[in-house]
Amino acid sequence: RRVLFRSYHFSRFDGSLITAAVSVERIAGSQFAEVSVCIGDCDATHAPTLSPTPYNCLSEKVDFEVNIVTDNYPKETTWELVNKCNEETILSGGPYDDPLTSYSHSILADCQAEYAFIIHDAYGDGICCNYGEGSYEVKREDSSILIGGKYGPSEESKFGSCPSMAVP
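What counts and how
- Residues numbered from 1 in each chain as written.
- Predicted model: local features only at pLDDT ≥ 70, side-chain atom pairs only at ≥ 80, totals over all residues.
- Heavy atoms only, no water.
- Disulfide = S-S within 2.5 Å.
- Helix = DSSP H or I, 4+ residues; strand = E, 2+ residues; numbered from the N terminus.
- Buried < 20%, exposed > 50% of the residue type's maximum accessible area, 1.4 Å probe, protein only.
- Salt bridge = Lys/Arg side-chain N within 4 Å of Asp/Glu carboxyl O.
- Pairing = 2+ DSSP bridges.
- Axes fitted to C-alpha atoms, helices over the stretch in contact; angles between N-to-C directions.
- Phe/Tyr/Trp six-rings, centres within 6.5 Å; stacked < 30°, edge-to-face > 60°.

Chemist: Could you give me a rundown of the state of the cysteines, with the residues and numbers involved?
Modeler: In the structure shown here, the tally under the stated rule is 2 disulfides. Each sulfur of the disulfide joining Cys85 and Cys162 lies 2.1 Å from the other. Judged by the torsion about the S-S bond (-115°), the Cys85/Cys162 disulfide is left-handed. With Cys85 in the loop between β5 (77-83) and β6 (88-93) and Cys162 in the segment after β13 (154-160), the pair connects residues that are 77 residues apart, well separated along the chain.

Structure below.
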């Protein structure tokens, strides 16, 4: 089972923002996919159910990449990628020095794990869109799994799942 999730933010005519969350799940053994869309208040009650996101591991370790494009105030941005199975921070970044600059970070990490990507903005306005067009992207094996930039003081997104414990 492979699930792709994207969250998009749109500006309304009055300047307020609206969120659209889209998930696409390929139906095994077919050319069809199930698509879920949430527009507006995409909280846990209304958002597509995606956590934890299963992933077919072909090896024990996989490449993760975090790409950050800073806004006009890069020193406000920090983030971490945490393995939720053992609470270990496996990758982190920021604060940054250069505005409107692209930064890339990568690591080889456990395939079978639940991860949390947490991004913070010290001022509380995210990295898009009031003071520059900043963004973030998290990839696993060259496939985008998280994309964003419009948030408040912080945003946390989870994906994957912890391996089942064998019972003797």
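Having put the structure on the table, let's press on.
Chemist: Lay out unusual backbone geometry in plain terms, naming residues and giving numbers.
Modeler: A cis amide bond links Gly94 with the next residue in sequence, Pro95, at an omega value of -5°. In this structure, Pro95 sits in the loop between β6 and β7 (102-110). Located in the positive-phi region is Glu87, a residue other than glycine, with phi close to 60°. Position of Glu87 relative to the elements: it lies in the loop between β5 and β6. Judged by relative accessible area, Glu87 falls into the exposed class, the value being 51%.

Chemist: Which residues make up the pattern of salt bridges, and what values go with them?
Modeler: For the structure on display, the rule yields 3 salt bridges. Residue Asp97 pairs with Lys75 through a salt bridge whose shortest N-O separation is 2.8 Å. In this pair, Asp97 sits in the loop between β6 and β7 while Lys75 sits in the loop between β4 (61-69) and β5, placing the two residues 22 residues apart along the sequence. There is no split in this pair, since Asp97 and Lys75 are both exposed. Residue Lys84 pairs with Glu87 through a salt bridge whose shortest N-O separation is 3.3 Å. Looking at Lys84, the relative accessible area reads 25%, which means it is partly exposed.

Chemist: Any details on the sheet that holds β7? Residues and values, ideally.
Modeler: Ordered by their spatial adjacency, 4 strands build an open sheet running β7-β4-β11-β12, and the pairing between neighbours is antiparallel. One side of each edge strand has no neighbouring strand; the edge strands of this open sheet are β7 and β12 (143-148). Across the sheet, the axes of successive neighbouring strands diverge by a mean angle of 15°, strand direction being ignored. In the sheet, β4 pairs with β7 via 9 bridges, with the strands oriented antiparallel. Counterpart to Ile68 in the pairing with β7 is Tyr103.

Chemist: Describe the packing of aromatic side chains, and please don't skip the residues or the numbers.
Modeler: Taken as a whole, this structure holds 7 aromatic pairs when the rule is applied. Ring plane angle 55° and centroid distance 4.8 Å describe the contact between Phe64 and Tyr115, whose orientation is recorded as tilted. Here Phe64 is found in strand β4, whereas its partner Tyr115 is found in strand β8 (residues 114-121), with 51 residues between them in sequence. No difference in accessibility class separates Phe64 from Tyr115, as the two residues are buried. Seen in terms of ring centroids, Phe64 and Phe159 are 6.2 Å apart; in terms of plane orientation they differ by 40°. Their pairing is tilted. One end of the pair, Phe64, is in strand β4; the other, Phe159, is in strand β13, and 95 residues separate them in sequence.

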